[in-house]
Amino acid sequence: STPHMQWPFEEWGATAVLSGHDHTYERFVTGRNKFPYFVNGLGGAKTYGFQVKPTKDSAFRFSARTGGAQLIEAEEHRIRFRFFRTDDA
C-alpha cells in the first residue's frame with residue numbers, strides 16, 4: 001500500500017508479489033487481472049496492529065497476537081496461496 005513501492009510487477013511478468021516486514025498479514029488484488037500482492041510478517045517476531053486504514057485493493061487483513069505461515073503450492077497451470085494461523089482458529 002506504500003505508493004513508492006507500487007511498481008509494475010505484473011507488466012514485468014510476475015505471477016504474484018510476496019513481501020514481508022510489517023508484522024501483519026494482508027492480501028491485495030490489483031488491476032483488471034486481480035494481480036495478487038501479499039504482505040506477510042507473522043513468521044515469528046512480535047506482532048502488532050495495522051498502522052494505516054485498508055486501501056481499495058485490500059482483500060483480506062489479519063493481525064493478532066498469534067503468528068502464521070503462508071503455504072504456496074505451484075503446479076504447471078495454477079498457483080494456490082494459503083495462510084494458516086498458528087492458533088488454528
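Preceding block: the structure.
Residues numbered from 1 in each chain as written. Predicted model: local features only at pLDDT ≥ 70, side-chain atom pairs only at ≥ 80, totals over all residues. Heavy atoms only, no water.

Caption draft 1: Broad picture of the sheet that holds strand 4 (residues 58-62). Reading across from one edge, 1-3-2-4 is the order of the four strands in this open sheet, with mixed pairing throughout. Since the sheet does not close on itself, it has two edges, and those belong to strand 1 (17-19) and strand 4, each with one partner. Direction aside, the axes of adjacent strands within the sheet are offset by 10 degrees on average. Of the pairings in the sheet, the one linking strand 2 (residues 25-30) to strand 3 (residues 35-40) comprises six bridges and is antiparallel in character. Within strand 3, the residue paired with Glu26 across the bridge is Val39. (Pairing = 2+ DSSP bridges. Helix = DSSP H or I, 4+ residues; strand = E, 2+ residues; numbered from the N terminus. Axes fitted to C-alpha atoms, helices over the stretch in contact; angles between N-to-C directions.)

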